[in-house]
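Observations on chain architecture
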Amino acid sequence: MSITRITDVIEPSVFTRYTIQRTMELSELIKSGIAQNDREFDALASGPNVLVNMPYWKDLTGDLEIMDDTGETSPGKIEAGKDMARKLGFVKSYGANALSSLLSGDDPMRAIADLFAAYWNRQYQKILLAVLDGIFDSPSMADKIHDITGASDSDAQLLSGKTLLDAIQLMGDAKSAITGMMIHSATETHLAKNDLIKYEKESGGKVEMPYFMGKRVIVDDSIPVDTKTGATIVYLFGEGAIAWGNGSHPDILQTEVVRQGLSLAGEDILVNRRISILHPRGVKWVEPNDGTEKAFPKLTELATGANWVRVYEPKAVRIVKFVCKIT
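Because the structure is a prediction, the values reported are computed rather than measured.

1. Some points on the nonpolar core
- In this structure, Leu 132, Ile 135, Met 182, Tyr 235 and Phe 237 are the most contacted members of the largest nonpolar core, which totals 44 residues.
- Those elements giving two or more residues to this core turn out to be α1 (6-9), α2 (12-26), β4 (88-95), α6 (108-136), β10 (231-238), β11 (242-247), β13 (267-280) and β14 (283-285).
- Top contributing element to this core by residue count: α6, with 15 residues.
- One finds Ala 167, Ile 168, Met 171 and Leu 236 within the second-largest nonpolar core, a separate group that totals 18 residues.

This is the structure:
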């Protein structure tokens, strides 16, 4: 009797392409527009070095001058700034025993790839939340945080349409850029109880997506909620607030099937590697000066405020942290 093994159904290059494509299709971050993936950032993620320099032009400043028939104008100058992203590298592997039930399917590679894509989708949201912890722990992002949990009136501490508008106002005249939000499922329930959530079907789809005041809602229980005080976080995003790049390197196999020949019964290991950029536009990564050299940062380092500094003007950073209560 012949046995179908992972090595018989996985073609690494096809598996890699399909898994990345499916991850993008599944990602609520991508579908909501909060994160944008394009060829430019794929190329940056695939390029040399682990730090990616992204120069930009600062906005023009200075007062108007009054025309006169004498004198000369005083030319201003345009200044350049530098944003910087950090490449991220992750790997995950599964043995054949964990996947063996799939090998009898009509398309086992697609089944395995779909499971891996769903896994990566969940992990990227976890990675983003670590990045958000880090950037909002940076003193440079203090004016992008709206915290109402210390209000003297308990009703004024609650998430509502009015308090959300106050949080969005941190964007000033760029507030129309806010198009999405990320909340805990308990926060979604709070909004639904108050008839503040609307569910709309996606174009051509059967799945209903939640919207709050016209903002696309992403629900993720990794966002903290204090069950005693009801305090929680609402992250507000603008279109393309997060740049997402999927990279590759010729010396790093993105998909690899390893046969464990020394195993008594034999075992196949499927390894999947990702080189990525998941960068909040306008908040510069600052490489830790701890005397060690590392290829890629840990999630704890991404969540450290000292490793981030805002370089865009506040309203050009399309992310707001809203700290409120739901009970």
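2. Let's talk about the packing of aromatic side chains
- What the rule picks out here adds up to 10 aromatic pairs.
- Summarising the aromatic geometry, the rings of Tyr 235 and Phe 237 are spaced 6.5 Å apart at their centres and angled 45° between planes, so their arrangement reads as tilted. Side by side, Tyr 235 and Phe 237 carry an identical accessibility label, which is buried.
- Above the plane of the ring of Tyr 94 lies Lys 92, whose end atom (NZ or CZ) is 5.2 Å from the centre.

3. Topic: the pairing of strand β6 (residues 178-183)
- Most of β6 is tucked away: five of the six residues are buried.
- Two elements, β6 and β10, share four bridges in a ladder whose sense is antiparallel. The residue bridging Gly 180 from the neighbouring strand is Phe 237, located in β10.
- Pairing analysis gives four bridges linking β6 to strand β9 (residues 215-219), with the strands arranged parallel. Its bridge partner lying in β9, Ile 183 is registered against Val 219.

4. Regarding unusual backbone geometry
- Positive phi outside glycine occurs at Asp 195, with the angle close to 55°.
- Within the fold, Asp 195 resides in the loop between α8 (185-193) and β7 (197-201).
- Looking at Asp 195, the relative accessible area reads 68%, which means it is exposed.
- Of note in this structure, Met 213 is not a glycine but carries a positive phi near 55°.
- By the secondary structure assignment, Met 213 is in the loop between β8 (208-212) and β9.

5. Brief notes about helix α7 (residues 161-168)
- Turning to α7, its buried residues are Gly 161, Thr 163, Leu 164, Ala 167 and Ile 168. Taken around the axis of α7, the buried residues stretch over an arc of 165°, which confines them to a single face.
- Packing partners of the buried residues in α7 comprise β5 (145-147), β6, β8, β9, β10 and β16 (319-325).

6. Quick look at the pattern of salt bridges
- For the structure shown, the criterion picks out eight salt bridges.
- One salt bridge in this structure joins Arg 22 and Asp 114, with 2.9 Å as the shortest N-O distance. With Arg 22 in helix α2 and Asp 114 in helix α6, the pair connects residues that are 92 residues apart, well separated along the chain.
- The residue Glu 28 makes a salt bridge to Lys 31 at a minimum N-O spacing of 3.4 Å. Placement of the pair is Glu 28 and Lys 31 together in helix α3 (residues 28-32), with a separation of three residues, close to one helical turn.
- Under the relative-accessibility criterion, Glu 28 is labelled buried at 17%.
- Under the relative-accessibility criterion, Lys 31 is labelled partly exposed at 36%.
- Residues joined by salt bridges that share partners form a network here, namely Arg 22, Glu 25 and Asp 114.

7. A short note on α8
- Where α8 is concerned, the buried positions are Thr 187, Glu 188, His 190 and Leu 191. Seen end-on, α8 carries its buried residues on one side only, within an arc spanning 160°.
- For α8, the elements touching its buried residues are β6, β7, β8, β9 and β10.
- One or two steps after α8, the chain reaches Asp 195, where phi turns positive at roughly 55°.

8. What about a nonpolar patch on the surface?
- Residues Trp 57, Leu 60 and Ile 78 make up a contiguous nonpolar surface patch of roughly 390 Å² in combined accessible area.
- Positionally, Ile 78 belongs in the loop between β2 (51-57) and β3 (80-86).
- Note on Ile 78: relative accessible area 47%, which makes it partly exposed.

Calculation rules
- Residues numbered from 1 in each chain as written.
- Predicted model: local features only at pLDDT ≥ 70, side-chain atom pairs only at ≥ 80, totals over all residues.
- Heavy atoms only, no water.
- Core = buried A, V, L, I, M, F, W, Y, C linked by side-chain atoms within 4.5 Å.
- Buried < 20%, exposed > 50% of the residue type's maximum accessible area, 1.4 Å probe, protein only.
- Helix = DSSP H or I, 4+ residues; strand = E, 2+ residues; numbered from the N terminus.
- Phe/Tyr/Trp six-rings, centres within 6.5 Å; stacked < 30°, edge-to-face > 60°.
- Lys NZ or Arg CZ within 6 Å of the ring centre and 35° of its normal.
- Pairing = 2+ DSSP bridges.
- Arc of directions from axis to C-beta.
- Contact = heavy atoms within 4.5 Å.
- Salt bridge = Lys/Arg side-chain N within 4 Å of Asp/Glu carboxyl O.
- Patch = residues over 30% accessible without salt bridge, like charges linked within 9 Å, V, L, I, M, F, W, Y side chains within 5 Å.
- Areas by Shrake-Rupley, 256 points an atom, 1.4 Å probe, with all protein chains shown as cover.

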